[in-house]
Amino acid sequence: MTDRIHEFLRNRREDGPCLVLDLDVVRDNYTAFARAWPDTRVFYAVKANPDPQILDLLARLGSSFDTASVNEIELALAAGATADRISYGNTIKKERDIARAYALGVRLFAVDCEAEVEKIARAAPGSKVFCRLLCDNSGAEWPLSRKFGCAPELAPRVLEHAHRLGLVAYGLSFHVGSQQRNPKSWDASLKAAVTIFRELAERGITLQMVNLGGGFPTRYLKEVPAVKTYAQTILRALREHFGNRIPETIIEPGRGMVGNAGIIEAEVVLISKKAADDKLKWVYLDIGKFNGLAETMDEMIRYPIRTPFDDHELEPCVIAGPSCDSVDVLYEREPYLLPVSLEIGCKVLIEGAGAYTTTYSTVGFNGFPPLKSYVI
Ligand SMILES: *Cc1c(COP(=O)(O)O)cnc(C)c1O
């Protein structure tokens, strides 16, 4: 909680949950990444929070942008980033969208199969492509599973195909899973990467770049290692595997760039018990899975929730959202400790809410408006 957010909330008059995000924190985060990774380009993963003020600030600070759609490309351009600072990092793109990105000047694309390479060769001739590798996401609190990337054995074929079709076989990427609390998780993919670099070199194709992806965590309930620790550990692994032929590197922080910059103020709507002898209270907030807290899905992300009575006696509670959908329960499998003295009408603060909240909010399920957002 920064003083600026505190001040903003103190003066706020209107109703309903809202995210308040402090740009000074984003600036500090960018600076920490840039310092810890002096020879690596930082591509902010726009999807984490595409607010124009965040993109403006990051563009001014010198960040590049990882985008997933033409809309995100247009947002990054509108923020003042030139097209050479934009990567179209989604491996799943319509050929029409690739053509639009190309027309906007984008020349860096992610692929994970030959069919996607063919689309890019047709719609964005001569561009650079990097091949995304499947990656073991264990240790991540928000794993990205098997949806993106190909097995490392397949990557040389994909990149060779790109080379044959006149594209620049530029490098490799992988994502160790979001909210990755183990800095050593990058090691296995770097080891796979160097093998692919060698194999392609033998076929006369020189890869130049390794995109280390996102995964850098933000602080929720559990302590996380510092940005610097990640940089040191990952760069050490890079040197170990690549020796003195270190490739260009890219990182794509999303959560780590904006997560801790935002706080959601919400309100307790109802507190009840389901039976006279029920040991658990049910606490219903005016925010839930459909208006900002989608990442509580499977109770994966556990947000710190502050109340006015945090020093009082605590008791285990089920926390749920306001909508009429039974999946809109935030924490039940592992009940959440809240003060016994919490009352209906109390304001609560949900910390670490700067990433993956506003755009994960529905347009109005049950008539609850999308999460309001104030960037200050
Ligand atoms: C979502 C995403 C990121 C950002 O991930 P975080 O875990 O939020 O840092 C980076 N790169 C790609 C390709 C992504 O899809």
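The structure presented is a predicted model; accordingly, all values stated were derived computationally and were not measured. (Residues numbered from 1 in each chain as written. Predicted model: local features only at pLDDT ≥ 70, side-chain atom pairs only at ≥ 80, totals over all residues. Heavy atoms only, no water.)

Caption draft 1: Fine view of the site of the ligand. With respect to spatial proximity, 13 residues lie near the ligand, and among them Lys47, Ser178, Glu252, Arg255 and Tyr356 are the closest. Within the backbone of Gly254, one N or O atom sits 2.9 Å away from an oxygen atom of the ligand. Alone, the ligand offers 390 Å² of accessible surface; in the complex the protein occludes 91% of this. Within the shell around the ligand, the residues separate by chemical class into 3 nonpolar, 5 polar and 5 charged. (Near = heavy atom within 4 Å. Polar contact = N/O pair within 3.5 Å; in protein donor to acceptor, adjacent residues only side chain to side chain. Areas by Shrake-Rupley, 256 points an atom, 1.4 Å probe, with all protein chains shown as cover. Nonpolar A, V, L, I, M, F, W, Y, C, P; charged D, E, K, R; others polar.)

Caption draft 2: Structural view of the packing of aromatic side chains. With the rule as written, the count across this model stands at 13 aromatic pairs. Taken together, a centroid distance of 6.0 Å and an interplanar angle of 40 degrees make the contact between Tyr88 and Phe109 tilted. Of this pair, Tyr88 sits in strand β4 (residues 86–88) while Phe109 sits in strand β5 (residues 108–111), and the two are 21 residues apart along the sequence. You'll find Tyr88 and Phe109 in the same group, each marked buried. For the ring pair Phe290 and Phe365, a centre distance of 4.6 Å and an interplane angle of 50 degrees mean the geometry is tilted. In this pair, Phe290 sits in the loop between β13 (281–285) and β14 (305–306) while Phe365 sits in the loop between β17 (347–350) and β18 (372–375), placing the two residues 75 residues apart along the sequence. (Phe/Tyr/Trp six-rings, centres within 6.5 Å; stacked < 30°, edge-to-face > 60°. Helix = DSSP H or I, 4+ residues; strand = E, 2+ residues; numbered from the N terminus. Buried < 20%, exposed > 50% of the residue type's maximum accessible area, 1.4 Å probe, protein only.)

Caption draft 3: Focus on helix α7 (residues 155–164). Restricting attention to buried positions, one finds in α7 the residues Ala155, Pro156, Val158, Leu159, His161 and Ala162. Its buried side turned inward, α7 meets β5, α6 (114–123), β6 (128–132), β8 (168–173) and α8 (187–202). Positive phi appears at Gly166, one or two residues downstream of α7, with a value of about 90 degrees. (Contact = heavy atoms within 4.5 Å.)

Caption draft 4: Layout of the packing of helix α5 (residues 95–103) against α6. Here α5 crosses α6 at 45 degrees, and the two axes come no closer than 9 Å. Judged on the interaxial angle alone, α6 and α5 are oblique. Our pair here, α5 against α6, has a crossing hand that is right-handed. Residue-level contacts link Glu95, Ile98, Ala99 and Tyr102 of α5 to Glu116, Lys119, Ile120, Arg122 and Ala123 of α6. Tallied by class, residues from the contact of α5 with α6 come to 5 nonpolar, no polar and 4 charged. (Axes fitted to C-alpha atoms, helices over the stretch in contact; angles between N-to-C directions. Parallel < 35°, antiparallel > 145°, perpendicular 65-115°, else oblique. Left-handed = near helix turned anticlockwise from the far one by under 90°.)

Caption draft 5: Representation of the side chain of Gln180 within the structure. In this structure, Gln180 sits in strand β9 (residues 178–180). For Gln180, a relative accessible area of 0% translates into the label buried. Within the structure, the side chain of Gln180 is placed 3.1 Å from the backbone nitrogen of Asn182, a separation counted as a polar contact. In this structure, Gln180 is in contact with Asn137, Ser138, Gly139, Ala140, Ser185, Trp186, Gly215, Pro217 and Tyr230, ignoring residues within four places of it in sequence.

Caption draft 6: Representation of the nonpolar core. Within the largest apolar cluster, 74 residues are counted, with the highest numbers of intra-cluster contacts made by Tyr44 and Leu172. Excluding residues that lie within four positions of it along the chain, Tyr44 makes contacts with Asn49, Ile54, Leu55, Leu58, Ser63, Ser64, Phe65, Asp66, Pro253, Gly254, Met257 and Val258. (Core = buried A, V, L, I, M, F, W, Y, C linked by side-chain atoms within 4.5 Å.)

Caption draft 7: Layout of the packing of α8 against helix α9 (residues 227–242). In contact at an axis separation of 9 Å, α8 and α9 are set at 30 degrees when each is read in the N-to-C sense. The angle between the axes of α8 and α9 places the two elements in the roughly parallel class. In this structure, the crossing between α8 and α9 has a hand that is right-handed. Contacts between α8 and α9 involve Asp187, Leu190, Lys191, Ala193, Val194, Phe197 and Arg198 from the former and Ile234, Ala237, Leu238, Glu240, His241 and Phe242 from the latter. Residue composition of the contact of α8 with α9, by class: 8 nonpolar, 1 polar and 4 charged.

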